[in-house]
Amino acid sequence: MRTYGQRPVKNKIQRKLNIFLKNLNKKAVLAVLGIIILAAAVLIFVTSGDDAQMEKAKLMDENEIVIGIGLEHSSFGRKNEDGTLSGFEVDLAKLLMEDLVPGKEIEFVAIEDQEASYLLRNGEIDLAFSMLVPGTIKSQGLSLSSAYYQDEIVLMTTESRARGALSAIGSTKVYAIDMKKQTLSEMFSDLEIKNVRVISCSSYPDSVLAVTQSSAFAVAAPAHKAEVHLHGLFELAQESGKTVSYTIAAWTENSDFISLINDSIRKNKDEIEELKKRWGI
């Protein structure tokens, strides 16, 4: 018998497959294909995102990146006899720049932390590694990275007050320096100490004078900054565990590069911990 059109299928397996394909819901097939295409597009976007971000970051096009290093604490930044700079923040900058812009020329210059905003705004430096704390006057208006170091908050006061109980600080006045007032208020709340009047202060000498002349009970500061500026006072023991963050700063036009730095800080977390151990901080 002669047949026209499609020839009959003798193979049972192939015949079953043809029946399955014929009865398959075409809408379901299209939906599955759509999901596969969408997943592939997302994968391409994610894997190429870093490269695209690098292309648009302005600092990537510079022949040289100038980095300001603070000299506030010798373990974070110091000037050597030959004029070169060393310290934790120098090594941190080298680590992050080698990751982000390998082979690019990097120049390090010594700066004062209060100069960072001015130098960044005028383009004299591109980045500042200078123990800058978010929410303070020194970092106001800058594009800041995520934290690369968490410094413990210490309370510094006179020797006689330091020998007393922490509860004595209740209903007194305490200066907060290099931190947000809210951070210190939260610390006292954690310690269940009430009615402390927290006052922001921008000058370490002024805070020392206020404490020694009893116009303030104590001054709160990041531990490593207190080592440098408040060594004439005594630490009032407390165990809140509250900290402040040190961050890298750029002018706002380089915020894209700060995003790349954040990625590198996360990526090099273990290496950064090793640098902290190396410099004893």
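Residues numbered from 1 in each chain as written. Predicted model: local features only at pLDDT ≥ 70, side-chain atom pairs only at ≥ 80, totals over all residues. Heavy atoms only, no water.

**Details of the overall build of the chain**
And then number 1: If you tally the helices and strands in the chain, you get ten helices and twelve strands.
And then number 2: Relative to its 281 residues, the chain shows a buried fraction of 42%.
And then number 3: Taking the intrachain contacts of the chain between residues at least 6 apart in sequence as the baseline, contacts between residues at least 24 apart amount to 77%.
And then number 4: Counting every atom, the chain has about 16,400 Å² of accessible surface; 52% of that belongs to carbon and sulfur. (Helix = DSSP H or I, 4+ residues; strand = E, 2+ residues; numbered from the N terminus. Buried < 20%, exposed > 50% of the residue type's maximum accessible area, 1.4 Å probe, protein only. Contact = heavy atoms within 4.5 Å. Areas by Shrake-Rupley, 256 points an atom, 1.4 Å probe, with all protein chains shown as cover.)

**Quick word on the nonpolar core**
Grouped burial of nonpolar side chains is what soluble globular proteins tend to show.
And then number 1: With 50 residues, the main nonpolar core has Met97, Leu127, Leu155, Ile169, Leu184, Phe257 and Ile261 as its most contacted residues.
And then number 2: The element best represented in this core is helix 3 (residues 88–100), accounting for seven residues.
And then number 3: Setting aside residues no more than four positions away along its own chain, Leu127 makes contact with Leu59, Ile65, Val66, Ile67, Gly68, Met97, Leu120, Ala249, Ala250, Phe257, Ile258 and Ile261.
And then number 4: Among the nonpolar cores identified, the runner-up in size contains 15 residues, and Met156, Val219, Ala223 and Leu230 belong to it. (Core = buried A, V, L, I, M, F, W, Y, C linked by side-chain atoms within 4.5 Å.)

**Some details on the packing of aromatic side chains**
And then number 1: Inspection of every chain in the model, using the stated rule, returns six aromatic pairs.
And then number 2: Seen from their ring centres, Phe76 and Phe88 are 5.7 Å apart, and the 85° between their planes marks the pair as edge-to-face. Taken as a pair, Phe76 in the loop between strand 1 (64–70) and strand 2 (78–79) and Phe88 in helix 3 lie far apart in primary sequence, twelve residues in all.
And then number 3: For Phe76, a relative accessible area of 0% puts it in the buried group.
And then number 4: Residue classification places Phe88 among the buried positions, given a relative accessible area of 0%.
And then number 5: With centroids separated by 5.4 Å and ring planes inclined at 85°, the aromatic side chains of Phe76 and Tyr149 adopt a geometry described as edge-to-face. Linking Phe76 in the loop between strand 1 and strand 2 with Tyr149 in strand 7 (residues 149–157), this pair joins segments that are 73 residues apart in sequence.
And then number 6: What links up through ring pairs into an aromatic cluster is the set Phe76, Phe88, Tyr148, Tyr149 and Tyr246. (Phe/Tyr/Trp six-rings, centres within 6.5 Å; stacked < 30°, edge-to-face > 60°.)

**Some details on the layout of surface pockets**
And then number 1: For the largest pocket, the calculated volume is near 230 Å³.
And then number 2: If you go around the largest pocket, you meet 14 residues; those closest to its centre are Thr136, Ile137, Asp178, Cys201 and Ser202.
And then number 3: For the lining of the largest pocket, the residue count by class is six nonpolar, four polar and four charged. (1 Å grid on protein atoms, 1.4 Å probe; cavity = no way out; pocket = protein on both sides within 12 Å on 5 of 7 lines; lining within 4 Å. Points joined across faces, edges and corners; volume = space filled by probe spheres on them. Nonpolar A, V, L, I, M, F, W, Y, C, P; charged D, E, K, R; others polar.)

**What to know about the confidence of the model for the chain**
And then number 1: Of all residues in the chain, 80% have pLDDT values of 70 or greater, and the mean over the chain is 87.
And then number 2: Scored below 50 in pLDDT, residues 1–6 makes one contact in the model with residues more than four places away or belonging to other chains.
And then number 3: Low pLDDT, under 50, characterises residues 44–50; the stretch is placed with two contacts to residues that sit more than four places away or in other chains. (pLDDT = per-residue confidence, 0-100.)

**Some words on the packing of helix 3 against helix 9 (residues 255–267)**
And then number 1: With their axes 10 Å apart at the nearest point, helix 3 and helix 9 run at an angle of 110° to one another. Accordingly, the angle class assigned to the pair helix 3 and helix 9 is roughly perpendicular. Within the contact between the two elements, helix 3 uses Leu96, Met97, Asp99 and Leu100 and helix 9 uses Phe257, Leu260, Ile261, Ser264, Ile265 and Lys267.
And then number 2: A class-by-class count of the residues in the contact of helix 3 with helix 9 yields seven nonpolar, one polar and two charged. (Axes fitted to C-alpha atoms, helices over the stretch in contact; angles between N-to-C directions. Parallel < 35°, antiparallel > 145°, perpendicular 65-115°, else oblique.)

**Digging into the environment of Met131**
And then number 1: Along the chain, Met131 falls in strand 5 (residues 127–132).
And then number 2: By relative accessible area, which is 2% here, Met131 ends up buried.
And then number 3: On a C-alpha basis, the gap between Met131 and Leu71 in space is 9.3 Å, while along the polypeptide they are 60 residues apart.
And then number 4: Those residues in contact with Met131, other than ones at most four positions away along the chain, are Glu72, His73, Phe76, Glu89, Tyr148, His224, Lys225 and Tyr246.

**Details of the pattern of salt bridges**
And then number 1: Scanning the model with the defined rule gives twelve salt bridges in all.
And then number 2: A salt bridge links Asp178 to Lys138, with the nearest nitrogen and oxygen atoms 3.5 Å apart. Of this pair, Asp178 sits in the loop between strand 8 (173–177) and helix 6 (181–190) while Lys138 sits in the loop between strand 5 and strand 6 (143–144), and the two are 40 residues apart along the sequence.
And then number 3: The network of salt bridges with shared partners includes Glu72, Asp113, Lys138, Asp178 and Lys225. (Salt bridge = Lys/Arg side-chain N within 4 Å of Asp/Glu carboxyl O.)

**Focus on the pairing of strand 12 (residues 243–250)**
And then number 1: Judged by how many residues are buried, strand 12 sits mostly within the fold: six of eight residues are covered.
And then number 2: The sheet contact formed by strand 5 and strand 12 spans three bridges and is antiparallel. Looking at strand 12, one finds that Leu132 is bridged to Thr247.
And then number 3: Here strand 6 pairs with strand 12 via two bridges, running antiparallel. What sits directly across from Ser143, in strand 12, is Ala250.
And then number 4: The pairing of strand 7 with strand 12 spans four bridges and is antiparallel. Residue pairing in the sheet places Gln150 in a bridge with Ser245 of strand 12. (Pairing = 2+ DSSP bridges.)

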